[in-house]
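# Report on the structure
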Amino acid sequence: MQFFKNQEALSPEYLPEILPHREAQIKYIADILSRTTKGLSQNIFIFGSPGIGKTASIKFIFRQFQEYSNIDTIYINTWDYNTPLAILTKIVISLNYPIPRRGLSKDEVLEKLIEVLKKLKKGLVICLDEVDQLFSKDQSVLYDLLRINQYVDMPVCIVMISNYKDILLKLEPRIQSSLNVEEVEFKPYTLEEMKDILNERCKEAFVEKPEEGVVLICANHAITRGGDVRIGLECLRKASIIAEHDGKLKVEHVRKVLNQIKSVKMDLMKSNLQGVEKNLVDILSNYKTFTSTELWKEYCDRFGGISQNALTEHIKRLQQIGLISIKESRKESRGRKVFIRLMKRKKFK
Ligand SMILES: Nc1ncnc2c1ncn2[C@@H]1O[C@H](COP(=O)(O)OP(=O)(O)OP(=O)(O)O)[C@@H](O)[C@H]1O
Ligand SMILES: [Mg+2]
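Residues numbered from 1 in each chain as written. Chains lettered and ligands numbered in written order. Predicted model: local features only at pLDDT ≥ 70, side-chain atom pairs only at ≥ 80, totals over all residues. Heavy atoms only, no water.

### Let's talk about the site of ligand 1
In the region of ligand 1, 22 residues are neighbours, and Pro12, Gly51, Lys54, Tyr189 and Arg230 sit closest. Here an oxygen atom of ligand 1 sits 2.7 Å away from a polar atom, N or O, in the side chain of Lys54. At 2.8 Å from an oxygen atom of ligand 1 is found a side-chain nitrogen or oxygen belonging to Asn163. With the chains in place, 93% of the 630 Å² that ligand 1 exposes on its own is no longer accessible. Among the cavities detected, the one that contains ligand 1 is the largest pocket. Listed by contribution, the elements that provide at least two residues to the shell around ligand 1 are helix H2 (54-68), helix H8 (191-205) and helix H10 (229-243). Here the residues of the shell around ligand 1 are counted per class, giving 12 nonpolar, five polar and five charged. Summarising the domain contributions, the shell around ligand 1 has at least three residues from each of domain 1 (22-185) and domain 2 (190-269). (Near = heavy atom within 4 Å. Polar contact = N/O pair within 3.5 Å; in protein donor to acceptor, adjacent residues only side chain to side chain. Areas by Shrake-Rupley, 256 points an atom, 1.4 Å probe, with all protein chains shown as cover. 1 Å grid on protein atoms, 1.4 Å probe; cavity = no way out; pocket = protein on both sides within 12 Å on 5 of 7 lines; lining within 4 Å. Sits in = over half its atoms within 2 Å of the grid points. Helix = DSSP H or I, 4+ residues; strand = E, 2+ residues; numbered from the N terminus. Nonpolar A, V, L, I, M, F, W, Y, C, P; charged D, E, K, R; others polar. Domains from an automatic or database assignment.)

Structure below.
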């Protein structure tokens with residue numbers, strides 16, 4: 001039987017049919033932007049942590065607008081178009097007006113844009129995603145875009161998206177005063193919400209529903225690592241590759257993926273160690289358990305003298321970063337013994 005219905009649905013670039021738990025924000029933003037058809041212009045600033053549907057929501061709205069409304073939309077990620085000239089050129093080209101090959105100056109492109117917009121019989125919404133990129137460099141294009149409504153009949157709205165709420169404070173005063181911006185906060189998803197989102201993606205991706213527990217583990221993994229949906233999707237995607245020849249996505253496949261992630265992280269941490277800590281991990285790398293005195297003696301034999309106290313400090317640090325485990329014996333009569341060993345991969349978090 002076929003395993004994937006649509007494998008693409010697990011990719012972060014895929015724009016799903018529905019965006020659970022963003023309905024309220026989508027409606028709110030779409031309502032504001034729809035007013036452009038009545039000649040009203042209102043800019044929007046969306047902020048919130050990574051991977052919680054900011055870009056997806058605006059693309060979702062734009063898709064709706066393109067199908068059902070009299071509003072033109074242009075989406076620009078300012079990482080890809082990071083100079084005023086590049087942004088203005090992209091806008092003019094998106095409106096189907098070619099820019100001569102010889103290239104134009106920024107002012108010439110701006111003039112061209114105004115000329116084009118004067119002829120436009122539709123409202124226009126321009127999204128500047130990851131706008132921080134722009135704020136830290138040249139803000140002039142924002143100034144130009146914000147003032148453009150003075151010259152054209154149909155309104156132009158700007159939607160800005162960022163991870164940081166206070167980014168607007170970095171704007172020059174002349175820009176701040178012409179912002180006319182409505183702020184929309186995107187809050188992180190709860191575990192239940194993350195589960196719903198991943199469940200919906202699974203419905204689109206797989207012929208057969210994954211085993212009970214699969215989505216919960218992936219959702220939990222994403223939430224404990226900052227709440228980015230992409231992390232949950234990546235977990236599902238990798239597990240689905242392992243699962244494909246079994247015909248059904250199961251908990252064991254997800255566990256395999258998570259263990260791989262842990263061991264990669266552990267190798268990465270190990271490779272970043274230096275000096276005493278690197279030597280300690282070398283000694284412990286056969287997973288044998290040592291008492292603190294045994295470990296100290298072994299260390300001195302192999303790597304030369306170090307005081308027991310100094311070694312203890314390094315051991316504590318390795319414990320703090322989660323590379324080794326330390327247990328104390330309960331027998332207090334003959335003095336407490338401390339047992340040290342490298343953390344087992346499968347327990348490594
Ligand atoms: N409510 C949702 N329903 C379905 N998929 C979602 C939802 N929220 C986020 N996603 C998915 O999660 C991934 C990341 O979302 P998105 O790109 O919108 O994040 P973002 O908030 O723009 O993050 P960043 O700040 O890093 O740009 C995308 O694949 C998106 O489709
Ligand atoms: Mg984004």
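### As for the packing of aromatic side chains
Evaluated as defined, the whole model comprises five aromatic pairs. On the basis of an interplanar angle of 50° and a centroid distance of 5.4 Å, the ring pair of Phe3 and Phe206 is categorised as tilted. Here the residue Phe3 occupies a position in the segment before helix H1 (23-34), and Phe206 occupies one in the loop between H8 and helix H9 (214-224), the gap between them amounting to 203 residues. Accessibility classification places Phe3 together with Phe206 in one group, the buried group. Between Phe45 and Phe47, the aromatic rings sit 5.7 Å apart at their centres with planes inclined by 25°, giving stacked as the arrangement. The same class applies to Phe45 and to Phe47, which are both buried. (Phe/Tyr/Trp six-rings, centres within 6.5 Å; stacked < 30°, edge-to-face > 60°. Buried < 20%, exposed > 50% of the residue type's maximum accessible area, 1.4 Å probe, protein only.)

### Observations regarding the packing of H8 against H10
At a minimum axis distance of 11 Å, the contact between H8 and H10 shows a crossing angle of 45°. Taken together, the axes of H8 and H10 are oblique relative to one another. Here H8 and H10 pass one another in a crossing that is right-handed. Here H8 contributes Met194, Ile197, Leu198, Arg201 and Cys202 to the contact with H10, which in turn contributes Val229, Gly232, Leu233 and Leu236. Of the residues contributing to the contact of H8 with H10, the split by class is seven nonpolar, one polar and one charged. (Axes fitted to C-alpha atoms, helices over the stretch in contact; angles between N-to-C directions. Parallel < 35°, antiparallel > 145°, perpendicular 65-115°, else oblique. Left-handed = near helix turned anticlockwise from the far one by under 90°. Contact = heavy atoms within 4.5 Å.)

### Section: H1
In a regular helix each residue adds 1.5 Å, so 12 residues correspond to 16 Å; H1 covers 16 Å between its end C-alpha atoms and thus fits that length. Tucked inside the fold, the buried residues of H1 contact strand E1 (43-47), H2, strand E2 (71-77), strand E3 (123-129), strand E4 (156-162) and strand E5 (181-185). (Expected span 1.5 Å × (residues − 1).)

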